[in-house]
4 protein chains.
Amino acid sequence: MGDGEFEYRFKVPLHDIDAAGIMFFGHLFRHAHDAYEAFMGAIGFPLDQVIREGSWRLPLVHAEADYRLPLRHGDKTTVRLSPSKVGHSSFVLDYRFIGDGGQLSASARTVHAQMAADGAAAVPLAEPLWAALSARLVDHGRDQSSL
Amino acid sequence: MGDGEFEYRFKVPLHDIDAAGIMFFGHLFRHAHDAYEAFMGAIGFPLDQVIREGSWRLPLVHAEADYRLPLRHGDKTTVRLSPSKVGHSSFVLDYRFIGDGGQLSASARTVHAQMAADGAAAVPLAEPLWAALSARLVDHGRDQSSL
Amino acid sequence: MGDGEFEYRFKVPLHDIDAAGIMFFGHLFRHAHDAYEAFMGAIGFPLDQVIREGSWRLPLVHAEADYRLPLRHGDKTTVRLSPSKVGHSSFVLDYRFIGDGGQLSASARTVHAQMAADGAAAVPLAEPLWAALSARLVDHGRDQSSL
Amino acid sequence: MGDGEFEYRFKVPLHDIDAAGIMFFGHLFRHAHDAYEAFMGAIGFPLDQVIREGSWRLPLVHAEADYRLPLRHGDKTTVRLSPSKVGHSSFVLDYRFIGDGGQLSASARTVHAQMAADGAAAVPLAEPLWAALSARLVDHGRDQSSL
């Protein structure tokens, strides 16, 4: 859903740069998660409340990133986040890190699985969360394939 | 107590360096805390157990550091940690960051207060903790002054 | 200068919380530095440019913080930053971390010294930097005391 | 090469735990990189020297991780690192995070490409680095496929 794509902005801070003079690759995931937190708040599921209420948990089971262009100190960056798959008990989020000139600097993906509060087993996504995520998909049909 | 001074070693990793080419000052506190965790384990109070048992908490109420020489990527560093004060409901830890050539690169200090499990009030240090910390002081007398 | 006090806002992210359930104390310095970067940009000295041009450096020589109230996941926080001293070759910045209800959660202080590009010696603050920082002081007189 | 597999140990520190009570997923990459730095030192290419000499660079072009079991505060963890592919101008490292009881907690992979010092183009892996990495492969044959 092009118009629904979520945007999160940041500027690469001094402390994200490493000894090689570019953003340390691991920090990309911190920014991706900050974008994810902002996104979850925007769609009605602020993570701090979700965690405090404790009814369910959404741990990451997979994360990956591709680095195309170095991110440097002071670079203004926009993270474009959208769900690419919403499954029975998990969902996939895609992130594109776009530089000030419109160039794609990096992309990332995280896979989240809904677990029961005791963490022992995957459970179906809560219906309101499933609906909110699906509304952000390009194709709104519930994906029944296993993730 | 020279012989009791606790030592913790680390090598400055690539990701601790910032855009100015030296260790980001805030990361010194991460290493100080890693040394503190190792120290607490060594004197019989591993923090993970203390936190899980939940009988008391030891939040930091103050932290400070002086930076004398830049820490650079790959620098082998020894943290020398010792309590400098053990009070009624709080204690002070001092840290010296020593480089490979024996030079003092930085020093730090943290002040910890024992709180009841609900965090609402400072409580006297648990007697075994007080004893273990005091045994590491140069002067073993219980300091009665307020911190 | 009350009207000139600089404000920087952030929301405590999930990854800043530690095993004790509150913001890890060391992360306060990361947020303080993010505020400092924003401040330096606002007064005309964006750190990324200053570092790239390489004419001078502003390493921290001291940092400290006092923690009054725990910062928790999701807490909306405002950092109020102001110079409290502008000396011959160094300056002091004070930070107050204010919660959503107006309460003071923490305060911090950083001391920065201007060094020659080779890092070998403290040098007088560049005049435009001195002027920009002094304009933010309550008392605009140049402080001649040693820091 | 079973006997050549590199091991790096760490204990999950307090500050790696997040608001959900487990290690923040992004920190796994910091530990992976610490293991990589130790590995590179062990095979004769300490990264701090490589970077200072500046003859070539090894930026990450891809990183990924699978999270199987939560890592908790105090967990003693061994990272087992080995190259899984050594190509013309890039190489792949695999990491397994093994808990104290021998369980696989997480796995990760990083892909590194050798770039000319100006970062403009991928260049063939330096011959000594190619040889050192290949000696750690199960199959020592040089992989000619593109990565």
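Everything here concerns the structure above.
Residues numbered from 1 in each chain as written. Chains lettered and ligands numbered in written order. Predicted model: local features only at pLDDT ≥ 70, side-chain atom pairs only at ≥ 80, totals over all residues. Heavy atoms only, no water.

## A short note on the overall build of chain A
Here comes step 1: In terms of regular secondary structure, chain A is built from 3 helices and 7 strands.
Here comes step 2: When the helices and strands of chain A are listed from N to C terminus, the series reads β-α-α-β-β-β-β-β-β-α.
Here comes step 3: Taking as baseline every contact in chain A between residues at least 6 positions apart, the subset at least 24 positions apart corresponds to 65%.
Here comes step 4: Only carbon and sulfur atoms are counted for the fraction: they give 51% of the accessible area of chain A, which is about 6,100 Å². (Helix = DSSP H or I, 4+ residues; strand = E, 2+ residues; numbered from the N terminus. Contact = heavy atoms within 4.5 Å. Areas by Shrake-Rupley, 256 points an atom, 1.4 Å probe, with all protein chains shown as cover.)

## Some points on the environment of Phe97(D)
Residue and element names in this part refer to chain D.
Here comes step 1: Checked against the element boundaries, phenylalanine 97 lands in strand S5 (residues 90–99).
Here comes step 2: With 88 residues separating them along the chain, phenylalanine 97 and arginine 9 place their C-alpha atoms 9.3 Å apart.
Here comes step 3: Beyond its immediate sequence surroundings of up to four residues, phenylalanine 97 is in contact with Phe10, Leu28, His31, Ala32, Thr77, Thr78, Val79, Gln103, Leu104, Ser105, Ala106 and Ala108.

## Let's talk about the interface of chain A and chain C
Here comes step 1: At the interface, 14 residues of chain A touch 14 residues of chain C.
Here comes step 2: Where chain A abuts chain C, roughly 1,200 Å² becomes buried across the two surfaces, and 54% of that area is made up of carbon and sulfur atoms.
Here comes step 3: Per-residue buried area on chain A facing chain C is highest for Leu14(A), His15(A) and His73(A); these three make up 38% of the total on that side.
Here comes step 4: Taken together, chain A and chain C are joined by 0 salt bridges.
Here comes step 5: On the surface where chain A and chain C come into contact, there are 8 residue pairs in polar contact (both at pLDDT 80 or more).
Here comes step 6: Broken down by secondary-structure element, the contributors of at least two residues to the side of chain A that touches chain C are helix H1 (27–42) and helix H2 (47–53) of chain A. (Buried area = accessible area lost by both parts, 1.4 Å probe. Salt bridge = Lys/Arg side-chain N within 4 Å of Asp/Glu carboxyl O. Polar contact = N/O pair within 3.5 Å; in protein donor to acceptor, adjacent residues only side chain to side chain.)

## Comments concerning the relation of the copies chain A and chain C
Here comes step 1: Between chain A and chain C, the superposition needs a rotation of 180° and an axial shift of 0.0 Å, giving an RMSD of 0.0 Å. The relationship between the two copies is best expressed as a two-fold rotation axis. No C-alpha of chain A lies nearer the rotation axis than that of Phe10(A), which sits 5.8 Å from it.
Here comes step 2: The residues that chain A uses at the interface reappear at the interface of chain C in 100% of cases, marking a shared surface. (Least-squares fit on C-alpha atoms with pLDDT ≥ 70 in both.)

## Let's talk about the relation of the copies chain A and chain D
Here comes step 1: For the pair chain A and chain D, the superposition axis carries a translation of 0.0 Å, the fit reaches an RMSD of 0.0 Å, and the rotation angle comes to 180°.
Here comes step 2: Comparing interface residues between copies, 100% of those in chain A also sit at the interface in chain D, which points to an isologous, same-surface contact.

## So, the sheet that holds strand S4 (residues 76–86) of chain A
Here comes step 1: Taken in spatial order, the 10 strands of this open sheet run S1(A)-S4(A)-S5(A)-S6(A)-S3(A)-S3(D)-S6(D)-S5(D)-S4(D)-S1(D), and their pairing is antiparallel. Looking at which strands have only one partner, the edges of the open sheet turn out to be strand S1 (6–11) of chain A together with strand S1 (6–11) of chain D. Within this sheet the neighbouring strands show an average axis-to-axis angle of 20°, counted without direction.
Here comes step 2: Across 5 bridges, the pairing between strand S3 (residues 60–67) of chain A and strand S3 (residues 60–67) of chain D is antiparallel. Each bridged residue has a counterpart across the sheet, and for Asp66(A) the counterpart in S3(D) is His62(D).
Here comes step 3: Contacting S1, S3, S4, strand S5 (90–98) and strand S6 (104–113) of chain A together with S3 of chain D, H1(A) crosses the sheet at an angle of about 140° to S1(A).
Here comes step 4: Contacts from helix H3 (residues 127–134) of chain A reach S4 and S5 of chain A, with the element oriented near 120° to S4(A). (Pairing = 2+ DSSP bridges. Axes fitted to C-alpha atoms, helices over the stretch in contact; angles between N-to-C directions.)

## Examining the interface of chain A and chain D
Here comes step 1: Of the residues lining the interface, 20 residues belong to chain A; the matching set on chain D comes to 20 residues.
Here comes step 2: Around 1,800 Å² of area is buried between chain A and chain D when both sides are counted, 66% of it from carbon and sulfur atoms.
Here comes step 3: Summed over the shared surface of chain A and chain D, the number is 8 residue pairs in polar contact (both at pLDDT 80 or more).
Here comes step 4: Those elements that place two or more of their residues in the side of chain A that touches chain D are H1 and S3 of chain A.

## Some details on empty space enclosed by the protein
Here comes step 1: Evaluation of the coordinates by the stated rule reveals 1 cavity of 30 Å³ or more.
Here comes step 2: By volume, the largest cavity is sized at about 410 Å³.
Here comes step 3: Along the wall of the largest cavity there are 24 residues; nearest its centre are His27(A), His27(B), His27(C), Arg30(C) and His27(D).
Here comes step 4: When contributions to the lining of the largest cavity are tallied by element, the ones reaching two or more residues are H1 of chain A, helix H1 (27–42) of chain B, helix H1 (27–42) of chain C together with helix H1 (27–42) of chain D.
Here comes step 5: Class assignment of the residues belonging to the lining of the largest cavity gives a composition of 4 nonpolar, 12 polar and 8 charged. (1 Å grid on protein atoms, 1.4 Å probe; cavity = no way out; pocket = protein on both sides within 12 Å on 5 of 7 lines; lining within 4 Å. Points joined across faces, edges and corners; volume = space filled by probe spheres on them. Nonpolar A, V, L, I, M, F, W, Y, C, P; charged D, E, K, R; others polar.)

## Some words on H1(D)
Here comes step 1: Helix length check: H1(D), at 16 residues, gives a terminal C-alpha distance of 23 Å against a target of 22 Å (1.5 Å per residue), a fit within 8%.
Here comes step 2: Backbone geometry just after H1(D) places Gly44(D) at a positive phi near 100°. (Expected span 1.5 Å × (residues − 1).)

## Description of the pattern of salt bridges
Here comes step 1: Evaluated as defined, the whole model comprises 24 salt bridges over all chains.
Here comes step 2: Measuring nitrogen to oxygen at the nearest pair gives 2.9 Å for the salt bridge that ties Glu7(A) to Arg9(A).
Here comes step 3: Residue classification places Arg9(A) among the exposed residues on the basis of a relative accessible area of 58%.
Here comes step 4: The closest approach of N and O atoms between Arg80(B) and Glu7(B), which form a salt bridge, is 3.0 Å. In this pair, Arg80(B) sits in strand S4 (residues 76–86) while Glu7(B) sits in strand S1 (residues 6–11), placing the two residues 73 residues apart along the sequence.
Here comes step 5: The class for Arg80(B) is partly exposed, based on a relative accessible area of 26%.
Here comes step 6: Overlapping salt bridges, with partners in common, bring together Glu7(A), Arg9(A) and Arg80(A) in one network. (Buried < 20%, exposed > 50% of the residue type's maximum accessible area, 1.4 Å probe, protein only.)

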